[in-house]
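Chain by chain, the residues run as shown.
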Amino acid sequence: MSAPTYPIRTARLTLRPIRSDDLDDVYAYQRRPDVTRWMRGAGPRTREQSRASVLAMTGEDALRVEGDCLTVAVVEQTGVIGHVELVWRSEADRTAEVGFVVHPDHGGRGLATEAAAALVDWGFTEFGLHRVYGRCHARNDASARLMRRLGMRQEARHVASYLFEGEWADQLVFAVLDDEWRSPEPG
């Protein structure tokens, strides 16, 4: 089993495991259409759906076996403003996928980049990853920009590769290797 030493602190944020009492904060962003817009098969969540989501995330506090997801709350002074995750995709290839969600009211200040960078840095320096990648809908400009700010390069554009809202959609794939990684400056 591998888990960060909690909490992870950055210049402006604290990253820690999701707790059941985070429901109100998580529901505040999961219920928003602008948050779920680019999530495949997801729409704005009801409070009960967010409760189930929070319950699932409370068990994602470490990487135990390939396929596990490590999810941490992104906490600012006002409370939980989002979450970031690493999904352990391959033990043999030492590869993980990064994901991130931040409440739009807290956007535009580099907080999502700061949080994602902290978790990716843990993945490389402590967990021993070789490669971290991320994927997004080709029209999700905000996620693509964030991955570029992390120092990830665009490796692929998978044309009409998945069904999204009943239409074939393109997907962008970004990645960075351990020997290329240099945590971006905050802000």
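You'll find the structure just up there.
The present account deals with the structure reproduced in this document. Computed from a prediction, not measured in an experiment: that's the story for all the values here.

Attention now moves to the overall build of the chain. In terms of helices and strands, the chain carries 5 helices and 8 strands. Helices and strands in the chain line up, N terminus first, as β-β-α-α-α-β-β-β-α-β-α-β-β. Overall size of the chain, expressed as C-alpha extent along the three principal axes, is 40 × 40 × 35 Å. For the chain, buried positions account for 49% of its 187 residues. Counted over contacts in the chain with a minimum sequence separation of 6, partners at least 24 positions apart contribute 60%. As presented, the chain carries roughly 9,500 Å² of accessible surface, and 46% of it is formed by carbon and sulfur atoms. Each charge class in the chain can be summarised by its mean position, and for the 24 positive and 28 negative side chains these summaries are 4 Å apart.

The subject of this paragraph is the state of the cysteines. As enumerated under the stated definition, the model contains 0 disulfides in all. Cys 136 provides the cysteine sulfur closest to Cys 69, a residue in no disulfide bond, and the two sulfurs are 17 Å apart.

Turning our eyes to something else, we now look at the sheet that holds strand S2 (residues 14–17). With mixed pairing, 8 strands are arranged side by side in an open sheet as S1-S2-S3-S4-S5-S6-S8-S7. The sheet terminates laterally at strand S1 (8–9) and strand S7 (153–164), the two strands that pair on one side only. Here 8 bridges tie strand S4 (residues 79–90) to strand S5 (residues 95–102), and the two strands are oriented antiparallel to one another. Opposite Glu 85, over in S5, you have Gly 99 as the bridge partner. Packing of helix H5 (residues 141–149) onto the sheet brings it into contact with S5, strand S6 (131–137), S7 and strand S8 (167–177), and relative to S6 it is tilted by some 160 degrees.

Glancing now at the nonpolar core. Ranked by internal contacts, the top residues of the largest apolar core, which has 38 residues, are Leu 86, Leu 119, Val 132 and Met 152. Residue contacts for Leu 86: discarding those within four places in its chain leaves Leu 63, Asp 68, Cys 69, Leu 70, Ala 96, Glu 97, Val 98, Leu 119, Trp 122, Gly 123, Leu 129 and Val 132. Residues Val 26, Tyr 29, Val 35 and Ala 73 belong to the second largest nonpolar core, which totals 11 residues.

Another point: the pattern of salt bridges. What the rule picks out here adds up to 17 salt bridges. Close ionic contact of Asp 22 with Arg 16 constitutes a salt bridge, the shortest N to O distance being 2.9 Å. Residue Asp 22 is classed as buried on the basis of its relative accessible area of 3%. For Glu 155, the salt bridge goes to Arg 131, with nearest N and O atoms at 2.3 Å. Separated by 24 residues along the polypeptide, Glu 155 in strand S7 and Arg 131 in strand S6 bring together distant segments of the chain. Via salt bridges that share partners, Arg 131, Arg 153, Glu 155 and Glu 180 belong to a single interconnected network.

Right, let's talk about the layout of surface pockets for a bit. The method is simple in principle: a probe with the dimensions of a water molecule rolls over the atoms, and the space it marks as empty is what remains. Roughly 1,500 Å³ of volume is contained in the largest pocket. In terms of lining, the largest pocket is formed by 49 residues, of which the most central are Met 39, Phe 100, Val 101, Asn 140 and Ser 143. Taken together, the residues that form the lining of the largest pocket break down as 21 nonpolar, 17 polar and 11 charged.

Of note, Arg 37 is situated in the loop between helix H2 (33–36) and helix H3 (47–58). Each C-alpha atom of the pair Arg 37 and Val 101 lies 11 Å from the other, and the pair is 64 residues apart in sequence. Within the structure, the side chain of Arg 37 is placed 3.2 Å from the side chain of Glu 165, a separation counted as a polar contact.

The rules behind the values
- Residues numbered from 1 in each chain as written.
- Predicted model: local features only at pLDDT ≥ 70, side-chain atom pairs only at ≥ 80, totals over all residues.
- Heavy atoms only, no water.
- Helix = DSSP H or I, 4+ residues; strand = E, 2+ residues; numbered from the N terminus.
- Buried < 20%, exposed > 50% of the residue type's maximum accessible area, 1.4 Å probe, protein only.
- Contact = heavy atoms within 4.5 Å.
- Areas by Shrake-Rupley, 256 points an atom, 1.4 Å probe, with all protein chains shown as cover.
- Lys, Arg positive; Asp, Glu negative; His and termini not counted.
- Charge placed at Lys NZ, Arg CZ, Asp CG, Glu CD.
- Disulfide = S-S within 2.5 Å.
- Pairing = 2+ DSSP bridges.
- Axes fitted to C-alpha atoms, helices over the stretch in contact; angles between N-to-C directions.
- Core = buried A, V, L, I, M, F, W, Y, C linked by side-chain atoms within 4.5 Å.
- Salt bridge = Lys/Arg side-chain N within 4 Å of Asp/Glu carboxyl O.
- 1 Å grid on protein atoms, 1.4 Å probe; cavity = no way out; pocket = protein on both sides within 12 Å on 5 of 7 lines; lining within 4 Å.
- Points joined across faces, edges and corners; volume = space filled by probe spheres on them.
- Nonpolar A, V, L, I, M, F, W, Y, C, P; charged D, E, K, R; others polar.
- Polar contact = N/O pair within 3.5 Å; in protein donor to acceptor, adjacent residues only side chain to side chain.

Honestly, it's all geometry; don't read function into it.
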